[in-house]
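Per-entry structural report
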Amino acid sequence: LLTRQVFTVDTNLFWVKSKLYRRKILKFAGYFPHVKTVLVPSNQLRLKFENYVKGKSFKKFVTIYNPIAKFDSYNNSIEENSDAPFLVSVGRLNNAKGFEQLIRCFASSSFNSKINLYILGSGAILEKLEKLILDLKMEEKIKLLGFKKYPELYISKSKGLILNSTVESFCNVLVEGLYLGVPVISNDCDYGPREIIEHGINGLLYDKSKDENLIKILEEFVNSDTLSSNLKKNTSHKMDRFDTNKITEEWIEKVLQ
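Every chain's residues receive numbers from 1 upward, in the order its sequence appears when written. Thresholds applied to this predicted model are a pLDDT of at least 70 for local features of residues and 80 or more for the giving and counting of side-chain atom pairs; totals over whole chains, interfaces and linings are not thresholded and use all residues. Water and hydrogen atoms were dropped before computing side-chain values, which therefore reflect all heavy atoms in the structure.

1. Quick look at the overall build of the chain
To keep it simple, the criterion reads: The numbering of helices and of strands both runs from the N terminus, where a helix is a DSSP run of H or I of at least 4 residues and a strand a run of E of at least 2. Throughout this description, buried means an accessible area under 20% of the type-specific maximum (1.4 Å probe, protein chains only), exposed means over 50%, and partly exposed covers the range between. Should any heavy atoms of two residues lie within 4.5 Å, those residues are considered in contact. For accessible areas, the Shrake-Rupley method is used with a probe of radius 1.4 Å. Any residue's cover is judged against the shown protein chains and nothing else.
A tally of regular secondary structure across the chain gives ten helices and nine strands. Taken over 257 residues, the chain has a buried fraction of 47%. Sequence-distant contacts in the chain: of pairs separated by 6 or more residues, those separated by 24 or more amount to 70%. If you sum the accessible surface of the chain, you get close to 13500 Å²; carbon and sulfur atoms cover 51% of it.

2. Some thoughts on the pattern of salt bridges
In plain terms, the rule: A carboxyl oxygen of Asp or Glu within 4 Å of a side-chain nitrogen of Lys or Arg is what we treat as a salt bridge.
Scanning all chains against the criterion turns up ten salt bridges. Taking the shortest distance from any N to any O, the salt bridge between Asp 211 and Arg 104 comes out at 3.2 Å. With Asp 211 in helix H8 (residues 211-223) and Arg 104 in helix H3 (residues 99-108), this pair connects stretches of sequence that are 107 residues apart. Exposure remark for Asp 211: the relative accessible area of 27% places this residue in the partly exposed category. Ionic pairing is found between Asp 190 and Arg 194, a salt bridge with its closest N-O pair at 3.5 Å.

3. Looking at the side chain of Ser 109
For clarity, the cut-off: Here a polar contact is taken to be a pair of N or O atoms separated by no more than 3.5 Å, where protein atoms must pair a possible hydrogen donor with a possible acceptor and residues adjacent in sequence count only if both atoms sit in side chains.
Here Ser 109 shows up in the loop between H3 and strand E5 (116-120). Within the structure, Ser 109 has its side chain in polar contact with the backbone oxygen of Phe 106 (distance 2.8 Å). Those residues in contact with Ser 109 that lie beyond four places of it in its chain are Ile 215 and Glu 219.

4. Examining the pairing of E5
Put simply, the rule is: The pairing criterion for strands is at least two bridges between them, as found by DSSP.
Buried residues dominate E5, accounting for five of its five residues. Alternating residues of E5 divide into Asn 116, Tyr 118 and Leu 120 and Leu 117 and Ile 119, and every residue in both groups is buried. Examined bridge by bridge, strand E4 (residues 86-90) and E5 share five bridges and lie parallel to one another. Looking at the pairing, Phe 86 lines up with Asn 116 of E5.

5. Remarks on the environment of Gly 123
Position of Gly 123 among the secondary structure elements: in the loop between E5 and helix H4 (126-135). Note on Gly 123: relative accessible area 30%, which makes it partly exposed. For Gly 123 and Gly 91, which are 32 residues apart along the polypeptide, the C-alpha to C-alpha distance reads 8.9 Å. Not counting residues up to four positions away in its chain, the partners in contact with Gly 123 are Arg 92 and Leu 93.

6. Considering the sheet that holds strand E8 (residues 184-187)
Which entries qualify depends on this criterion: Here an angle of 0 to 180 degrees is reported between the N-to-C directions of two axes, which are lines fitted to C-alpha atoms, with helices fitted over the stretch in contact.
Read across the open sheet, the six strands follow the order E6-E5-E4-E7-E8-E9; overall the sheet is parallel. Both edges of this open sheet fall to strand E6 (142-146) and strand E9 (203-206), since each of them pairs with a single strand only. Each adjacent strand pair in this sheet contributes to an overall mean axis angle of 20°, direction not counted. In this structure, E8 lies alongside E9, joined through four bridges in parallel fashion. Bridging across to E9, Val 184 finds its partner in Gly 203.

Below you can see the structure in the form of structure tokens.
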């Protein structure tokens, strides 16, 4: 049993500024002689770890994607007026998730009269975001809805799901959006989105380093029924990669054998 111990990495340690912290975490994993495998949720992050410990005696790094979370409650109603079309973004309210930029860009866009923006989540910058929305006079169009036990209710009824993160380790919410049949729009950040999204097929990728990039991609999506419809038709594209049975097979093949 000891020879099958697995060390899993569920977060992007390279986002942490302290190199000492990263070294301690990796050294901690190496202290356990029976740990033969380090499990990482995306290929890009796995390569980063492999390069980080290159030349050192360490374990085998393996990529296994997180499986799809199956939902059975997304046909229920939501509290807000669902007759008005809306975009949705989900995540902890912190600087890494890029909500401040998203709010600014939405407010300055040419399409915000056509659609609302709902943001789900709680966190340290809640008051800062509330003030920003008031300053921009967007309180009727942008709603901070707080933590929701069933975010899939909102995702499934949205026109599109936006991820404006600076960094991720895998991006579960993108897979969940696609599973729910919703087009996904994401910053092409490290790590994860480009392993889930094929640009122009099942979603859209952009570079958030400039506000105009985010505004342009959202305008294209909101203003083009053809684009949003085609993306919606392809939300099942290559989703078998994240099926629970497929992930179980990979665990058996890559970890347990």
